[in-house]
Amino acid sequence: MNASVRQGANGISLWHAISRERRKRPVLQGRLDVDLAIVGGGFSGLSTALHAAEKGISVAVLEAEIIAWGATGRNAGFVVPNFARMDPDSILAHLGAERGERLIDFAAGSADLVFDLIRRHGINCDAVQNGWIQPAHSPAALEKVKSRADQWARRGRPVVTLDRQEVEALTGARGYVGGWTDRSGGVLNPVAYARGLADGAEKAGAKIFEHTPVASIDRVADGWALQTRLGLVRAAKVLVATNAYGGSLDPLLGRTYIPLKVFQIATAPLPHEIRTRLLPGGQGVGDTRRNLFTFRFDADNRLISGGMHILGAGADTRVPQTIWRRLGRRLDLPDLPPLAYGWSGMAAVESDFLPRLLDLGPGLIAGRACNGRGIAMTTAMGKVLADWAAGAEARDLPVPFAPPAPIPFHALMRHAPNMLLGWSILRDRMDETA
């Protein structure tokens, strides 16, 4: 396959390339005094701005590039209301009954919150809330997902387990032994969704600035001072919502997570006769492999998938081709349409794959919630952070709150997921033949 691969402006994503009606925001100039300053114009920052402004809190969002420039605009658009690794029972064991149940409730309603916001604010983002499906690639994985589904079902969530035939009927993918689905999940265009959150926040009174990187955040008598190239913001409280795109703003934060580069691709639109076999309900799929296999369609019937890369030169060219070939092989598509878009983004992965709030000082918090569940978790995090901005104690929020804890041997550990990918692929193959 020798088709050229397109990328959005500045090498970002399909979503930036196809999303229309981008409204430019101004650069901050001069001094601005607000109750809450937010650094970062992604899902976390925009959801916080929207919910806080609706409470009557004065808000300024400072984005170094454009809205949804970072991981927000570079993901695949899955809305998944659960945790990437831990299930409810293990979260209770990890955090204790009281805090664990609150975090579980936080995640359980996260997808519903996303789609409720879309309806309430009339956000045109090709949203489909028909569920998220996790097929099991091996008998051992099937037992795990059955337990996972049962734990969420006991909490009243709209989940069901699936047998082999049901997975094939729902996804069109063969070879899985079963799986489960959460019907509150779904898919959307993440850039259009983020722009809708920004529009809603501004209508509620928030001020949003683009091309306004923050150079420093300094403690002052009545709160914090955020210095930009052409302006200054004074705020009583500050949220750092940059995830893995914080740059040099706080080097300590950069050592508290594993930066994971994830590639995504989109094919040219599929013919109608093939499209009706694959995902006829329009759900999103992410299976149980360690080398995760995902797929979904966008509104124009482009097939979208993603993957990681083993360390080595030429990844930006090599990995999209590898993902494209894997997509055709897994979905039995020898005539898979050519690769049309390829892009990558950086995710911030915590050691326990759970969302968290980091205590950086009095009234200064960093929030991270991605771990492969960015759209749902960061939207939900914004809602609870608005409560903090309104006066709630951070330690009383449902998301774990603690000072930043650098990962030991971070310079080496940050490469571990890529270095271990080959071994993960081999273990997936062994599982399937066991």
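Shown above is the structure to which this text applies.
For the structure given in this document, a descriptive report is provided here. (Residues numbered from 1 in each chain as written. Predicted model: local features only at pLDDT ≥ 70, side-chain atom pairs only at ≥ 80, totals over all residues. Heavy atoms only, no water.)

## Overview of the overall build of the chain
Phase 1 of the analysis: Counting its secondary structure elements, the chain contains 15 helices and 19 strands.
Phase 2 of the analysis: Scaling as 2.2 N^0.38, a compact globule of 434 residues should have a C-alpha radius of gyration of about 22 Å, and the chain matches this with 21 Å.
Phase 3 of the analysis: Each principal axis of the C-alpha distribution contributes one length, and for the chain these read about 65 × 50 × 45 Å.
Phase 4 of the analysis: For the chain, buried positions account for 56% of its 434 residues.
Phase 5 of the analysis: Summarising the internal contacts of the chain: among those between residues at least 6 apart in sequence, 77% fall at separations of at least 24.
Phase 6 of the analysis: Across the chain, 51 positive and 42 negative side-chain charges occur, with their mean positions spaced 4 Å apart. (Helix = DSSP H or I, 4+ residues; strand = E, 2+ residues; numbered from the N terminus. Rg over C-alpha atoms; globule rule 2.2 N^0.38 Å. Buried < 20%, exposed > 50% of the residue type's maximum accessible area, 1.4 Å probe, protein only. Contact = heavy atoms within 4.5 Å. Lys, Arg positive; Asp, Glu negative; His and termini not counted. Charge placed at Lys NZ, Arg CZ, Asp CG, Glu CD.)

## Brief notes about a nonpolar patch on the surface
Phase 1 of the analysis: On the surface, Phe 409, Leu 412 and Met 413 cluster together into a nonpolar patch covering about 360 Å² of accessible area.
Phase 2 of the analysis: Assignment of secondary structure puts Leu 412 in helix H13 (residues 410–413).
Phase 3 of the analysis: By relative accessible area, Leu 412 is classed as exposed at 53%. (Patch = residues over 30% accessible without salt bridge, like charges linked within 9 Å, V, L, I, M, F, W, Y side chains within 5 Å. Areas by Shrake-Rupley, 256 points an atom, 1.4 Å probe, with all protein chains shown as cover. Salt bridge = Lys/Arg side-chain N within 4 Å of Asp/Glu carboxyl O.)

## What about the pattern of salt bridges?
Should their charged atoms come close, side chains of opposite charge can pair.
Phase 1 of the analysis: This structure, assessed with the given rule, holds 27 salt bridges.
Phase 2 of the analysis: A salt bridge links Asp 387 to Lys 55; the nearest nitrogen and oxygen atoms lie 3.1 Å apart. You can see Asp 387 sitting in helix H12 (residues 374–389) and its partner Lys 55 sitting in the loop between helix H2 (43–54) and strand E2 (59–62), a full 332 residues away along the chain.
Phase 3 of the analysis: Owing to a relative accessible area of 30%, Asp 387 belongs among the partly exposed residues under this scheme.
Phase 4 of the analysis: For Lys 55, a relative accessible area of 45% corresponds to the partly exposed category.
Phase 5 of the analysis: Put simply, Arg 155 and Glu 101 hold a salt bridge, and the shortest N to O gap is 3.3 Å. Here Arg 155, found in the loop between helix H6 (139–153) and strand E5 (159–163), pairs with Glu 101, found in helix H4 (residues 97–108); they are 54 residues apart in sequence, far enough to count as distant.

## A word on the sheet that holds strand E13 (residues 284–286)
Phase 1 of the analysis: Spatially, the eight strands line up as an open sheet ordered E5-E6-E4-E13-E14-E15-E12-E16, and their pairing is mixed. Two strands close off the open sheet at either side, each with one partner strand: E5 and strand E16 (339–349). Here the strands of the sheet are splayed against their neighbours by 20° on average, with no regard to which way each runs.
Phase 2 of the analysis: Lying on the sheet, helix H7 (residues 164–171) is in contact with strand E4 (132–136), E5, strand E6 (178–182), E13 and strand E14 (294–297); it crosses E5 at an angle near 105°.
Phase 3 of the analysis: On top of the sheet, helix H11 (residues 315–330) reaches strand E12 (258–267), E14, strand E15 (303–307) and E16; it is set at about 60° to E12, its chief contact. (Pairing = 2+ DSSP bridges. Axes fitted to C-alpha atoms, helices over the stretch in contact; angles between N-to-C directions.)

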